[in-house]
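# Close look at the chain arrangement
Residue-level listing of the chains:
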Amino acid sequence: QGKFTLLRDTRTDGSFLVHHFLSFYLRAGCKVCFVALLQSFSHYNIVAQKLGVSLAAAKERGQLVFLEGLKSCLDLLFGEQEQPGQPSPLQFLSTSDLRALFDFVRVSLTPADRGSWKGPVLLVDDLSVLLSLGAAPVAVLDFIHYCRVSVCCQLEGNVVVLVHSNEDSEDEENELVVSSLCHHSDLILWAEGLPTGFCKDVHGQIKIIKRLSLRQAAEQDLVQVYQYKIQDRNVTFFARGLSAAVL
Amino acid sequence: LVFTEEDKYGLYSNLLFKYFLAEGIVCGHDLFVASAKEHPDNILKELPAPLLDDTYGKELGDEAAAVKSDDFQDSMKIAWRYQNLPKMEASPTTYTKFGHYYDVSKKMSPELCQSVKWHSFYLHEELSFESKTKAWNMNSGYARLLQSIQRIISQEGFDGSDPQKKQRNVLRIGIQSLGSILWGDDVCCSDPPEDPHSLTKFLYVLRGLLRKSLSACIITVPAHLIQNKAIMERVTNLSDMVVGLESFIGSERETNPLYKDYHGLVHVHQIPRLNSLICDVSDTKDLAFRLKRKLFTIERLHLPPDLSDTVSRASKQDLAGSAKLLSSGCGAMAMGEKHLDF
C-alpha cells in the first residue's frame, strides 16, 4: 500500500509492464484510474483480453476509470464549446497547466461511497508524452507529487508510472524528470534492450530495484537483474544467460 | 503513423512517398495529399505506374529460377557447416503477394489517378487559420492542416460516423516535408526553436485522428536538418513506425566498394506494436535500397565476398592502402596495420 512504482524503459518498449500492472490490479479488485496518453482504448482492451481481463466490463462496473488521451484531445480541439464547469483534463495542450489533469485523477479515485473496491491505483502511460505536449518538467514533477500525496498518502493507494529514457539522450527535460522520479520511487522496474543489440530469443533485460534506502536510512537498495522474452500472451523471465534458446 | 526521415536531397524519400500514394490508388483507397513545397496536383501527376502482374512476375520468376537451378544441387565442400542455412534471399520472392510493384520509369495514367477520390492541401493556397475554440496553441500551418484532415475524415465518414455508408474505405494521408521552414516552423533552422512543441503536438493530434478513423499516414521529414535531437526522440515516441533513409550521394560511402551495388541504407528505428504484447520483428536489421532503371528495391544488405589480396575486410582507408600495395607488386612492404606481417 502507498507505494510509488516507476516503470522505465531504455532502447526498448516497456509497455508490456503497463499491460501487466493493469490486469494485475484489476484482477486484485482495486479501483484503477488509467491515464492512457499514447494508445487507444481498444489497443489496451485487446491485450488485456489476452491476459484474461476485460477492460470494457471493468469500466462498466465502475472499477476502471479510463482517460483516453488521444480521444480527449480531439474533443478538446474539434469539439463544441465545453461546459464551463468541467474543464477538459487535457487542458494543458493549450495552457500548459496540469491542474485539470490532477483534478480528474483525484475525483476519479476518491471513493464516493465506502466502495467495494480495495485500494485505489493510478496508472500513467506514459509520462514522457506530457513533456512533448508542452508541459514544463517542473509542472510534470509537481503533478506527480500531488498525485503521490493524494493517492499514496491520503488514500493509501499505489501509483505506477511509465517513462522513457536513454543513456545518451539529448532530451534534457526528460532526463531531469526521470532522474527525479527515480529518487522518489519505492520500486523501479527498468526494462532495457540488450547492450549487445537485437536478439530474437531474448527481448531485453529487466532490472528490479527495491529502494529500501528510501524508508530506512541504513538499508541498501536491492537490485535484481533478469532477462525476458515477450510472447503473445505472457512474458517469460529467466536468469541472465539462461534463455531457453541457449539451454 | 509512418514517420520517414528524409535523405539529404530528398530524392529517395520522395520516391517512397509516391509509392505509398500509388499503392493507395491501385487499392482504391481515398487519398489526402498535403505539402508546402510542391503543389499536390503535381505530385499526383508523377506517381509511378503499376506493373501488371504478368510481366513483372515473369521477370522475377525467371531470375529466381536461374538462381535456384544453378547452385541447388551443389553441396559445399569446405564450408559444409553452412549447408543447412537457408539461402540468402535478397529480393522478395514471387510467393509474397502483398502489395503491388511499380515501374518508376513510367508515370501513372491519368485515368487511374482519377479513379479514386483525392483531396489536396497546399499550404500556400489555404486560408489563414481561424479557430472556434481557444484551445489551439500551435503553429498555424499545422493547425490548419489538422482542421482540414479532421473535416475530410468526418465529412467522408472515415470515422464511422455515417451509418448509411455501407462500403467503408481507407484514407491514405501523405504529408510531405513536415517541419521544414515552408510550413512556418523553424525547428529545422534554429536551436532552440521558437515553439519546440508545435511539431510534437501536431503529431499527437494526428495520431488521435488516425486512431479514430480508418486511415493511415506517411510523413516525410527532413530530419537531418533538425538541430534539436530531443525533438527527434520525442517524435519517435509518438509515431508507430519510424524509417530513416540514408542515401550515399555526396557522402564518403558512395565510393566505398562495400556499398557499390546500392544507393543508400534503410534504417528501421521503430516498428509498430499495436494490439499485442509483441511486435513482428524481422530477422535482419541491415537493409539497403537501390534504384534501378525501373524498380526501387529494398534488400538485405549483404556484403559481396572479399576477393582482394588483403586478409581483412576492407574499409575505405585500407582499400586505398591495398591499392597501393597491389600496384607496386605483391612483394612490397605491407603498409596497413591490419595486414598479417610475416
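Residues numbered from 1 in each chain as written. Chains lettered and ligands numbered in written order. Predicted model: local features only at pLDDT ≥ 70, side-chain atom pairs only at ≥ 80, totals over all residues. Heavy atoms only, no water.

### Considerations on the overall build of chain B
The secondary structure content of chain B amounts to eight helices and eleven strands. Here chain B, with 342 residues, has 43% of them falling under the buried criterion. Considering only contacts within chain B whose residues lie at least 6 apart along the sequence, 73% involve residues at least 24 apart. (Helix = DSSP H or I, 4+ residues; strand = E, 2+ residues; numbered from the N terminus. Buried < 20%, exposed > 50% of the residue type's maximum accessible area, 1.4 Å probe, protein only. Contact = heavy atoms within 4.5 Å.)

### A short note on the environment of Lys118(A)
All names here are of chain A. Mapped onto the elements, lysine 118 comes out in strand β4 (residues 118-125). Take lysine 118: its relative accessible area is 55%, and that puts it in the exposed class. Considered as a pair, lysine 118 and alanine 28 are 90 residues apart in the sequence and their alpha carbons are 8.0 Å apart. Discounting residues that sit within four places of it in the chain, lysine 118 has contacts with Ala28, Gly29, Cys30 and Lys31.

### Structural notes on the confidence of the model for chain A
In regions of low pLDDT, the predicted coordinates are not meant to be interpreted in detail. Across chain A, the average pLDDT comes to 82, with 91% of residues at 70 or higher. Confidence scores differ between elements of chain A, with helix α5 (residues 92-95) of chain A showing the lowest mean pLDDT of 69 and strand β5 (residues 158-164) of chain A the highest of 90. (pLDDT = per-residue confidence, 0-100.)

### Quick notes on the sheet that holds β4(A)
Residue and element names in this part refer to chain A. In space, the nine strands of this open sheet follow the order β3-β2-β4-β5-β1-β6-β7-β8-β9, with mixed pairing throughout. If you trace the sheet from one side to the other, it starts and ends with β3 (64-68) and β9 (235-238), each paired once. Geometrically, the sheet is characterised by an average inter-axis angle of 20° between neighbouring strands, direction not taken into account. Alignment of strand β2 (residues 30-36) against β3, held across five bridges, turns out to be parallel. Bridge pairing links valine 32 to leucine 64 in β3. Of the strands in this sheet, β2, β3 and β4 touch helix α6 (residues 99-109), which is tilted by about 160° from β2. (Pairing = 2+ DSSP bridges. Axes fitted to C-alpha atoms, helices over the stretch in contact; angles between N-to-C directions.)

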